[in-house]
Every structure is written in C-alpha cells, then in structure tokens.
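The residues making up each chain are set out below.
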Amino acid sequence: MTTVEPVRARLDERILGAGTNSRFALLLLLLVAASGYMLVSTLTVLRLGGYQGCALAAGVDWDSAHALATATRLTGQALAFLPCVARHAPPPPLWQILAAPAVVVAAAAAATVLLPLWKQRPGRCIRLNLVPGGSEIAARVEELAAGRVARVPELFFAPAVTTRSATVFGTNGRPRLLLHGGLVACRTTDPRTFDAVVLHELGHVANRDLTITYATVALWRTFVVLVIIPYLLWWSGLWLLGIAAGVGPTLTAVITRYLAVPVVIAIVMHFARADVLRSRELYADLTARRWGAPLEHVWAARPTPAGRRGPHRWAGVLLDQMRTHPRWEIRRDALDDPAPLFAVSSLLMFLAGTSATLMNFHLMGHVAPHVADLSDWLGQGLAAVPAAVVAAAATAVLWRAVVRAAVLGRPAPAGVRAGLWLGLGLATGSLVSGQVIGNLWPPGRWWVLALVVGVAVALTCWICQCARLAAASWPGRSLRWPLALCLIAGWLILAAWFAWWNYYGAMYASGFWYDPAGLRRTIVNWFPGMGTAHPDTTAVMAPTITVLRYAAYQPLTPVAAVAAWVTPFVLWAAGAAVRGPGWLRSPGDARAAADATAPVAWRAPALRQATAPALLGAVIATAGLAAVQAWLHTLHAAPGQRGGMYAFSYAIWSLWAIAFGALVAALVAAASARFRLPAALAAAGIGALLGLGAATALISVDGCIQPLNVLNDTCSWRPAWRQLQGGNTFGLVAHSTLLMAPVIAVAATASAALFRLARRAIHAKDGTPAPPPVAVTAHARAGGRYAGAVLSAAGIPGVALATAAVLMAGDAEAQFATKAQSVTADMQTAFQQTAGLPVLPVSRDMRRRQVHAWYRLGGRYLLDHATRNGRWIVTLLHSAVRDRRLEITADLMAKVRPACQGMVNVASWEPVYFQIPDPAAQASWHQFGLDVRSAGPACLQAADRTDADAFGTSMIGVLTAAEKAIDTSIRIDAVIDDPSDPVYKGEPEEPPQPRL
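Residues numbered from 1 in each chain as written. Predicted model: local features only at pLDDT ≥ 70, side-chain atom pairs only at ≥ 80, totals over all residues. Heavy atoms only, no water.

Q: Give a description of the overall build of the protein chain that names residues and reports values.
A: Secondary structure summary: the protein chain contains 33 helices and six strands in total. Taken across its 996 residues, the protein chain has 53% of its residues classed as buried. Per element, the accessible surface of the protein chain, about 43,200 Å² overall, is 64% carbon and sulfur. (Helix = DSSP H or I, 4+ residues; strand = E, 2+ residues; numbered from the N terminus. Buried < 20%, exposed > 50% of the residue type's maximum accessible area, 1.4 Å probe, protein only. Areas by Shrake-Rupley, 256 points an atom, 1.4 Å probe, with all protein chains shown as cover.)

In structure tokens form, the structure reads like this:
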C-alpha cells in the first residue's frame with residue numbers, strides 16, 4: 001500500500017509587504033532628528049553664558065546632582081525664566097535648526113546619485129558591449145530578463161575581479177549590472193552558475209530594491225561623515241577642556257552622555273541598515289527561485305560551518321545581525337522555508353524601541369529652544385513621528401509572523417517576547433538620552449521604566465491578537481485592510497503614549513512627585529464653589545486624579561483609548577458573520593497569500609464572549625451609580641453646599657462605579673479560553689461606554705427620582721455637562737472613563753494570565769492535569785449572526801468614536817494654545833504649591849553667584865524702585881508731621897499716591913519674577929509683596945476718595961512693606977559682600993515682561 005505525502009502549504013514571502021520600507025523610514029527619520037538635535041545642542045553651548053545667568057537667577061546650580069530639584073525650580077518659575085532666556089540667550093532661528101537635517105538629506109541624496117557613477121568609473125569596469133564576445137553575453141542576459149523585469153539593466157564588465165559573482169547597482173529607474181571576470185569566464189564552461197547569478201541580480205531589479213538599498217548606504221555614510229565624526233570631535237574637545245578646567249562631576253556626566261548618544265545612534269543605524277540589506281538578498285533569492293534559477297548548484301560547494309555552542313553561538317548570532325549579506329546556509333534554508341523573513345527578531349524589536357525613543361527625544365530637542373511657542377498639539381505631532389515608526393515596524397513584523405502561523409497551522413506568536421525586547425529598547429533609549437535621569441545616569445524611579453516595558457508588551461500582544469482575529473475569520477480576500485486598521489490604531493496608541501511620556505512619564509521616572517498638601521489645595525482650586533467632599537477623601541483622590549487628569553487630557557488620548565478596543569472588536573464582529581477566512585479562499589487570485597488547501601489552526605469564538613460581559617459590567621456600573629446617588633442623598637447637603645468639592649466627590653464616586661463595572665466585565669471576559677485580551681478590551685470598552693451613558697442620563701435627570709436626588713430638588717432635564725460644569729468635572733469623568741477602559745482590560749488580562757500560570761504550576765506540582773479551558777462557540781443562525789455583527793461593528797464603534805471626537809473638540813482651544821499663552825500666574829502658583837520650589841543646598845560662593853545673577857538681571861531694578869518709593873513716602877510723611885502728629889491732607893494724599901502706585905507696580909512683579917535664591921532675602925521680599933498687595937490698593941482708593949482714616953491705616957502696611965524691601969536689599973548686599981562690584985554701578989536692568 002502506497003501512501004501519498006501531504007503537500008505542505010507554502011507561503012508567498014511577499015504577503016503583506018516586505019517591511020523594508022518602514023525600516024528605511026526608521027533610518028531616515030532617526031538621521032534627520034539626530035542631525036538637527038546635535039546642531040541645536042552645539043548652538044546651545046555657544047549661548048550657554050546667557051542661559052546660565054538666567055538659571056543662576058532661578059536658583060539653579062548646574063554642577064549639582066539635584067537634577068530633579070533643578071528642573072522643578074525652572075518649571076516653577078517659567079514666567080520669568082522663559083523671557084530671561086529669550087532676551088539673554090535667544091534661541092537659534094528655525095532655519096538654523098533645520099539647516100543640519102537639510103544638508104545631511106541633500107548630501108545623502110547627492111551620494112545616492114553619485115554612488116552608481118563611482119561604481120562604473122573608468123579603470124574599475126568597462127561597458128560590456130566594448131568587450132570582444134560581449135554581445136553574446138548581453139544576449140543571454142536579455143533572454144533571462146525577458147518577461148521578468150520591466151527594463152534590462154545596463155551591462156558592465158569588471159575584468160580584474162575573478163569571482164563568479166555579479167553586482168546590480170543604480171536606481172530602480174536606471175539599473176546597472178556589473179559582471180565579474182570570473183562569472184563571464186564561466187559562461188560557456190558552467191552556464192548554470194552564470195544563469196543563477198544573473199537571475200539573482202535580476203531579482204533585485206524585479207523587486208525594485210535598488211533605490212532603497214543605495215539610499216540606505218548613502219544615508220549611513222553621510223551621517224557618519226557629516227554628523228557623527230564632527231560631533232564627537234566637538235564634544236571630546238569640550239570634555240577635555242572641562243577636565244582641565246576642573247568642572248564638577250555633573251557637567252562631566254552631561255558631556256559624557258553627549259558623547260555616548262551618537263555612538264549608540266551609530267550602532268542602531270548600522271544594525272538597521274544591515275537588516276535592510278540582508279532582507280533584500282533573501283527576497284532576491286526567492287524571486288530567482290520562482291524563475292527556476294539553479295541556486296542549489298551555485299551554493300553546493302559553499303562550506304557550512306560546524307555547529308556552535310555557548311558563547312560562540314551567541315557571538316555567531318550577533319555577527320549574523322551585523323552582516324549585510326546572510327550566510328550561505330541561511331540562504332539555502334530560506335529557499336525551502338522563508339522563515340527568516342517572517343521571524344520576529346528580538347534585536348530588531350530592541351533597535352526599533354531604542355531608535356524611536358532617541359528620535360522622540362531629539363525631536364523634542366528641536367523645539368526646546370522655542371518651548372514657549374510649543375502647544376499640546378504641536379508636542380503631540382512630534383510624538384506621532386516615532387510612534388509611526390514603531391507601529392509600522394512592529395505591526396508588519398508581527399502580522400507576518402501570525403499570518404505565516406495561520407497558513408502553516410502552527411501556534412501563533414503571543415507577542416510577549418517581542419514586547420519585552422521592544423520595551424527594553426524604549427527604556428534603554430530613555431536612559432541613554434537622559435530623558436528620565438535629568439542629565440545623570442541612574443533614574444529616580446526604576447519602576448516607571450518597568451511600566452514602559454509593560455506598555456510595550458501590552459501593545460505587541462494587542463497587535464498579535466488583532467492579527468489572529470483577522471487571520472482566523474476576516475471575510476475579505478486580502479488582509480491589507482485589517483492590517484491598515486491595526487496599524488492606524490497602534491499608531492494612535494503609541495502617539496498618545498509618547499506625548500504623555502514626554503511631559504509626565506519621564507518626569508515621574510526622574511523622581512518628581514507632588515507635594516500632598518499642595519495637591520489638596522490645587523484640587524480645591526480646580527473645582528471652585530461651596531461644598532465639601534463626602535467623605536473627605538481628597539488626600540487619597542488628589543494624587544490619583546492629578547495623574548489621571550494629565551494622562552486623560554493629552555490631545556489623542558480619547559481616540560487612542562477608544563481605538564484600543566474598537567479595533568479588535570471590529571475585526572471580531574466582521575468575522576463573526578462568516579465561516580472561515582475569506583483571504584484563504586481565493587485560488588483564482590494570482591496574488592493569493594497561500595494555497596486554498598492551507599490549514600487554519602484557529603476559529604474566532606462567538607462575539608458574545610465579549611458582549612455578554614460588557615452588558616453585565618454596564619448593569620453593575622448603573623447599579624453602582626444609583627447606589628452612589630442614594631448614599632449622597634442621605635447626607636442632605638444644603639442647596640448652597642452642592643458645588644465645589646461636593647460635586648467633585650459626586651463625580652469621582654460615579655467614575656469609580658463605572659470603573660468597577662468595567663473591571664468586572666473585563667475579568668469575566670478574560671476568563672474565557674481564547675482571545676482573552678480582545679475579549680477583555682471589548683467588554684471593558686463597551687461596558688465603560690454604556691456606564692458613561694447611564695451616568696450621563698442619571699445626572700441629567702437628577703431631581704426626578706426622589707431617593708436619588710443629589711444636586712437638585714426639582715425635576716427637570718439638566719445636561720450632565722452643565723450640572724457638573726465647575727472645573728469641567730463631567731469632562732474629567734468622560735475623559736477618564738475612556739482612558740481607564742483599556743487600562744483596566746490590560747490589567748484584568750494580565751491577572752487572568754498569571755492566575756492561569758499559577759494554577760498550572762499547582763496542578764503540575766500535584767501531578768494532576770489542569771482542566772482544559774472551554775472554548776465558546778457560536779450556534780446562532782447565519783442570518784441573525786450577520787445582522788448582529790453588522791450592527792455591532794457599525795453602531796458601537798461609531799458611538800465610541802463620536803464620544804471621543806466630541807471630547808477632543810471641546811479641548812481643542814486649550815490644546816492649541818502655546819505654553820506662553822497657557823502658563824499664567826495662577827498656574828505657576830498652583831505648580832509651586834503642588835510641586836514645591838526646593839531651595840538647593842549650595843556652597844557660599846554658588847549662593848553669591850545666584851543672588852548676583854538675580855540682582856543683575858532685574859532684581860536691582862525692582863528693589864531700587866521699591867526702596868526709592870518707600871523712602872519718598874517716608875519723606876512726605878515726615879514733612880506732614882505737625883507737633884508730633886501727622887496731618888493728613890488732600891495735598892499729602894495726592895503727593896503720596898504716585899509712590900503707592902509705584903509700590904503696587906513693583907509688588908506685581910513679586911509672584912512672577914524669580915524668587916531670590918537666598919531664603920532669608922526671599923522671605924523679606926515675599927512679605928513685601930504680600931503687604932503691598934494688601935495695603936497698596938487701599939492707599940490708592942483712599943487717595944482717590946480723600947479718605948484720611950483709610951489712608952492712615954494703609955500707610956501702616958505700606959511702611960511695613962518698605963521696611964521689608966530695605967531688609968531685602970541689605971541681605972543681598974551682605975550675600976554679594978563686595979561694594980565695588982560692577983553690579984551696583986550704572987543703570988539697573990529692567991526685567992523682561994513675563995509671558996502672561
């Protein structure tokens with residue numbers, strides 16, 4: 001009896017694209033961002049003197065290890081620091097910042113054009129038609145190219161090269177083929193080798209990879225010559241000068257990091273470049289194999305190295321990643337199974353994460369000199385660039401691996417390992433760039449970097465699950481549409497993450513946190529009005545709400561949070577109406593991804609695996625909302641006490657009720673057998689959305705159901721966003737609900753996975769088999785299944801996206817405002833309260849330099865006016881004393897009024913100008929501001945109304961303030977301790993106007 005061997009399903013390596021374009025884009029964008037940032041950092045050194053003066057006036061010591069306190073002092077005095085830098089260290093114009101990237105890109109483009117001309121230069125090769133017998137060889141090449149390539153390459157001959165090889169170069173529009181002397185010599189003696197080599201080179205032409213190949217080479221060489229080498233020489237010189245000058249360890253560490261960054265970038269670019277070039281060789285081999293090229297004949301004599309173990313094996317793997325051409329045995333194996341083109345390379349994921357973080361930091365460095373003109377949306381746009389690179393690279397690689405597993409009937413990658421390497425790359429990039437360490441090396445909080453790795457793992461698992469859903473049940477004949485949907489959604493998620501990380505995540509990692517007492521005061525300021533929290537949980541809620549508020553109000557956060565669960569839900573719903581994937585049922589399509597007989601290892605379970613828990617979560621959330629209203633109703637708050645913190649506590653307890661319902665939905669869905677993450681995401685997202693709808697309805701009809709009355713006693717339709725309008729309280733609930741849904745789903749899925757692993761470990765220890773998970777299958781009729789899927793795929797995502805769009809539109813005005821427009825005196829005061837403004841422990845000499853800078857850059861101007869007006873008021877009052885009694889007349893009040901106005905004008909600077917770096921002087925100066933802001937307006941009003949009694953009372957406060965100004969001046973003189981210092985001579989410098 002004969003048995004027939006089953007035909008193994010083969011997979012076209014061209015499915016879903018090769019992914020080399022995204023890797024080339026990675027190189028290009030990293031080069032542009034790095035070259036521009038390196039120029040900015042160089043220009044910053046040239047204007048460091050003026051910048052350092054402003055920093056000293058802010059109380060900063062650049063050679064201090066207290067990097068976090070330094071950043072806090074600068075941020076907390078932005079109204080003075082930004083105008084000071086703009087005047088004394090103006091940022092380079094935009095054309096200078098863009099000059100370096102433009103020059104590098106232009107040089108790379110020129111090199112791309114000139115490299116082919118250099119390769120075909122006289123003396124190295126000649127045209128084949130000038131060689132005797134060249135016409136016969138050209139005829140054979142044209143015969144091999146006929147019907148395979150659109151344009152026959154120009155033919156050249158290198159007689160001095162004896163290898164049996166060839167090289168194709170040039171561009172896609174004008175390819176050139178260089179035949180080596182050894183290959184031409186074997187044309188008649190070994191025609192199979194000649195044909196195989198030529199067909200391989202023609203495969204490059206057919207794959208149209210010439211332009212991207214030589215552009216990659218040109219980018220690499222141009223970047224090294226024009227950017228890396230000059231930059232290293234510049235900072236090496238500064239490093240040596242700094243050591244010779246005896247600078248402190250902090251500045252030495254900063255310069256060392258500046259030297260390390262370009263080295264890391266060069267390594268990243270080399271590995272990415274090598275990966276692009278290796279991939280093109282494998283694709284050319286497979287293309288030639290489809291044309292019937294006898295490649296095995298060429299490679300038969302190639303030696304295969306013996307197997308390696310231990311460290312030698314790891315060294316071999318590293319060398320493989322550094323090579324621009326894969327080893328011969330890899331190329332031979334790829335002909336039978338192109339697995340290397342579908343493998344999820346750990347090194348590639350690590351490099352993608354590292355380069356994206358470096359690119360993100362460098363792009364932010366471009367706008368750092370113009371930070372006052374930066375808006376939230378501009379920052380979001382900059383964060384979207386590295387997000388696009390990571391999303392494109394990771395999505396293409398993971399989808400190709402999952403689709404290959406689907407066709408071959410193998411287990412699909414889960415994405416955990418890829419996410420770990422991607423997260424390690426992101427964390428490494430943050431450490432190398434100094435984004436999370438404040439120009440030093442160790443970060444303040446390591447666990448925040450663990451959060452980075454966790455986000456990367458969640459993202460890669462999400463991508464793999466979306467790919468599995470599409471591969472298992474997508475009804476269309478191509479996977480490019482679901483791939484595009486996943487790519488866009490992943491880009492949105494990463495863009496929102498990078499935007500939050502740039503402003504807050506890196507700040508938390510560096511060690512920053514808020515002052516608890518200041519947080520409580522800020523919460524009260526956010527939600528003004530009469531009313532108290534019930535119970536008084538402000539101390540517990542304040543840190544959580546602060547972090548949640550800053551994360552939820554990033555420009556793309558609402559749509560990104562919705563896209564995180566809408567994307568797998570749409571893929572699931574679209575495939576729930578059909579049997580099997582349509583992209584595998586296309587035997588007549590020449591672009592079919594695989595044979596129609598290819599096995600499929602998975603089937604998507606019924607959609608109710610996600611929708612049923614979602615409805616359960618919505619019911620629990622609604623019940624929780626009603627319970628919150630019933631509980632607050634029993635507190636019987638008076639009508640005048642239902643705003644402020646009372647409304648805030650109402651909103652926050654409602655938010656926790658919605659979050660609890662979403663958590664229950666996610667836990668129930670994550671307990672299923674398959675597709676845990678998509679099920680948990682969809683269940684939490686739909687449950688939270690329905691819970692938000694229930695909260696909107698219950699708050700809007702507050703007063704109509706007597707036991708649930710909280711804010712009103714009468715029944716009427718009052719929209720929830722107007723009921724909780726103070727401090728945009730309802731907006732906070734809506735934003736937070738959308739954000740918390742995917743976060744809760746990921747946490748629930750991780751908990752379910754850990755529980756499953758623990759259960760397996762327990763059963764393995766006991767020797768009893770763990771109960772297998774039970775898959776949920778669909779038994780509904782096809783018609784009802786199709787109608788439900790269509791309604792689900794269109795209606796629920798539409799409502800969710802519309803909600804996100806409304807929230808984003810409501811935030812647009814504030815998010816398009818620049819930092820100069822958004823930073824106000826009240827906001828600066830709030831920041832100083834919540835973050836504190838630490839006084840750095842410095843040496844006596846450094847304190848003198850700081851106070852000297854404060855006095856020179858505007859402090860003397862303010863103090864001179866304060867003391868001059870104070871003395872003038874004292875002189876006028878002495879002149880009005882008669883018989884030891886002050887006679888207050890209208891004439892006296894008229895004369896004193898301009899001096900009072902001058903004191904008020906000076907006092908208005910005290911909250912917005914730099915605080916005096918000396919604590920004793922600052923205490924007197926701050927008291928001066930408080931006294932004048934209290935007594936100064938009273939002096940003006942009394943003079944205008946000719947009210948002698950009120951005028952006399954105000955004079956007590958004004959004279960007290962004048963004494964405080966004199967005390968401040970005396971203390972500053974004692975700190976500077978040099979009467980001959982030029983800072984006391986000439987006209988005082990007026991401080992620049994604060995950015996209000």
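Q: Can you explain the packing of helix α32 (residues 919-945) against helix α33 (residues 948-976)? Please cite residues and give values.
A: Look at α32 against α33: their axes get within 8 Å of each other, and the N-to-C directions meet at 155°. Relative to α33, the element α32 lies roughly antiparallel. The way α32 lies across α33 gives a crossing that is left-handed. In terms of residue class, the contact of α32 with α33 is made up of 16 nonpolar, seven polar and four charged. (Axes fitted to C-alpha atoms, helices over the stretch in contact; angles between N-to-C directions. Parallel < 35°, antiparallel > 145°, perpendicular 65-115°, else oblique. Left-handed = near helix turned anticlockwise from the far one by under 90°. Nonpolar A, V, L, I, M, F, W, Y, C, P; charged D, E, K, R; others polar.)

Q: How would you explain the pattern of salt bridges if you had to name every residue and give the values?
A: Summed over the entire model, instances satisfying the criterion amount to 14 salt bridges. Residues Arg971 and Asp918 are paired through a salt bridge, measuring 2.9 Å at the closest nitrogen-oxygen approach. In this pair, Arg971 is assigned in helix α33 and Asp918 in the loop between α31 (890-907) and α32, connecting sequence segments 53 residues apart. Salt bridges here are not isolated pairs; linked through shared partners, they connect Arg127, Glu154 and Arg174. (Salt bridge = Lys/Arg side-chain N within 4 Å of Asp/Glu carboxyl O.)

Q: Could you give me a rundown of the side chain of Thr460, with the residues and numbers involved?
A: With respect to the element layout, Thr460 can be found in helix α17 (residues 446-473). Here Gly419 takes part through its backbone nitrogen, which lies 3.3 Å from a polar atom of the side chain of Thr460. Discounting chain neighbours no more than four positions away, the residues touching Thr460 are Met349, Leu398, Ala414, Gly415, Ala418, Gly419 and Leu422. (Polar contact = N/O pair within 3.5 Å; in protein donor to acceptor, adjacent residues only side chain to side chain. Contact = heavy atoms within 4.5 Å.)

Q: Explain unusual backbone geometry to me, using residue names and the numbers behind them.
A: In this model, Thr946 sits at a positive phi of 55°, which is unusual for a non-glycine residue. With respect to the secondary-structure elements, Thr946 resides in the loop between α32 and α33. If you check the backbone angles, Asp977 has positive phi at about 55° while not being a glycine. Within the secondary structure, Asp977 sits in the segment after α33. When its relative accessible area of 54% is taken as the criterion, Asp977 is described as exposed.

Q: Hey, could you go over the sheet that holds strand β4 (residues 175-180) for me, with residue numbers and the actual values?
A: Within the open sheet, the four strands sit side by side as β1-β2-β4-β3. Their pairing is mixed. Two strands in the sheet have a free side with no partner beyond their single neighbour: β1 (126-127) and β3 (166-170). Sheet topology note: the β1/strand β2 (residues 154-158) ladder contains two bridges and is antiparallel. Bridged to Ile126 within β2 is Phe157. Sitting on the sheet, helix α8 (residues 191-207) touches β3 and β4, and the angle it makes with β3 is about 20°. (Pairing = 2+ DSSP bridges.)

Q: Before we move on, could you go through the packing of α31 against α33 and cite the residues and values that matter?
A: The axes of two packed helices give the description: the angle between them and the distance between them. Between α31 and α33, whose axes approach to 12 Å, the crossing angle comes to 40°. Classified by the interaxial angle, the pair formed by α31 and α33 is oblique. Every pair of crossing elements has a handedness; the one defined by α31 and α33 is left-handed. Here α31 contributes Met893, Val896, Cys900 and Met903 to the contact with α33, which in turn contributes Ala948, Phe951, Met955, Val958, Ala961 and Ala962.

Q: Residues and numbers for a nonpolar patch on the surface, please.
A: On the surface, Val103, Val225 and Leu226 cluster together to form a nonpolar patch covering roughly 260 Å² of accessible area. Along the polypeptide, Val225 turns up in helix α9 (residues 210-245). (Patch = residues over 30% accessible without salt bridge, like charges linked within 9 Å, V, L, I, M, F, W, Y side chains within 5 Å.)

Q: Break down the nonpolar core for me, citing the residues and quoting the values.
A: Formed by 143 residues in total, the largest nonpolar core has its most connected members in Trp399, Trp462 and Trp501. Within the second largest apolar cluster, 58 residues are counted, among which are Val85, Leu877, Val896 and Met903. (Core = buried A, V, L, I, M, F, W, Y, C linked by side-chain atoms within 4.5 Å.)

Q: Quick one: what's the story with the state of the cysteines, residue by residue and with numbers?
A: Taken as a whole and assessed by the stated rule, the structure comprises three disulfides. A sulfur-sulfur distance of 2.0 Å marks the disulfide that ties Cys54 to Cys84. Between Cys54 and Cys84 the disulfide shows an S-S torsion of about -85°. By sign, it is left-handed. Taken together, the residues Cys54 in helix α2 (residues 48-57) and Cys84 in helix α4 (residues 78-88) connect sequence positions 30 residues apart. The class of Cys54 is buried, set by a relative accessible area of 0%. (Disulfide = S-S within 2.5 Å.)

Q: So, the pairing of β2: which residues are in play, and what are the values?
A: Within β2, five of the five residues are buried, which leaves it mostly tucked inside the rest of the structure. Of the two faces of β2, the one holding Glu154, Phe156 and Ala158 and the one holding Leu155 and Phe157 are both buried throughout. Where β2 lies against β4, five bridges are found, and the strand directions are parallel. Considered in β4, the bridge of Phe156 is made with Leu178.

Q: Give a detailed account of the confidence of the model for the protein chain, specifying residues and quantitative values.
A: Residues with a pLDDT of 70 or more make up 84% of the protein chain, whose mean pLDDT is 81. Here residues 1-9 is modelled with pLDDT under 50, and outside its nearest four sequence neighbours on either side it reaches five contacts, counting other chains as well. (pLDDT = per-residue confidence, 0-100.)

Q: Pulling in residues and values, what's your account of the side chain of Thr222?
A: Among the secondary structure elements, Thr222 is positioned in helix α9. For Thr222, a relative accessible area of 8% translates into the label buried. Among the polar contacts made by the side chain of Thr222, one reaches the main-chain carbonyl oxygen of Ala218 at a distance of 2.7 Å. Excluding its chain neighbours within four sequence positions, the residues that come into contact with Thr222 are Val104, Ala107, Ala108, Ala111 and Val227.

Q: Residues and numbers for the packing of aromatic side chains, please.
A: Evaluated as defined, the whole model comprises 16 aromatic pairs. Between Trp497 and Trp500, the aromatic rings sit 5.4 Å apart at their centres with planes inclined by 40°, giving tilted as the arrangement. Within this pair, Trp497 and its partner Trp500 are both found in helix α18 (residues 480-509), separated by three residues, close to a single helical turn. The buried category is assigned to Trp497, whose relative accessible area is 14%. A ring pair is formed by Tyr504 and Tyr550, whose centres lie 4.7 Å apart and whose planes are at 15°; its orientation type is stacked. Taken together, the positions of Tyr504 in helix α18 and Tyr550 in helix α20 (residues 538-552) put the pair 46 residues apart, joining distant regions of the chain. On the accessibility criterion, Tyr504 (18% relative accessible area) is buried. Here Tyr550 falls in the partly exposed class, since its relative accessible area comes to 24%. (Phe/Tyr/Trp six-rings, centres within 6.5 Å; stacked < 30°, edge-to-face > 60°.)

Q: Provide a residue-level description of α33, including the pertinent values.
A: Across its 29 residues, α33 extends 42 Å between first and last C-alpha, which sits within 8% of the 42 Å expected from 1.5 Å per residue. Where α33 begins, the side chain of Asp947 points an oxygen toward the backbone nitrogen of Asp949, at a separation of 3.3 Å. (Expected span 1.5 Å × (residues − 1).)

Q: I'd like a rundown of the pairing of β4, residues and numbers included.
A: In the case of a regular strand, side chains alternate between the two sheet surfaces. Burial analysis of β4 places six of its six residues in the buried class, which makes it a mostly covered element. Judged from the five bridges that link them, β3 and β4 form a sheet pairing that is antiparallel. If you follow Val168 over to β4, its bridge partner there is Leu177. The turn linking β3 back onto β4 is made up of four residues.

Q: Quick rundown of the environment of Ala890? Include the residues and the values.
A: By the secondary structure assignment, Ala890 is in helix α31. Residues Ala890 and Thr946 lie 56 residues apart in sequence; the distance between their C-alpha atoms is 6.0 Å.

Q: Tell me about the environment of Ala34, and please be specific about residues and values.
A: Secondary-structure assignment places Ala34 in helix α1 (residues 20-46). By relative accessible area, which is 0% here, Ala34 ends up buried. A C-alpha to C-alpha distance of 9.4 Å links Ala34 and Val261, two positions 227 residues apart in sequence. Excluding residues within four positions of it along the chain, Ala34 makes contact with Phe223, Ile265 and His362.

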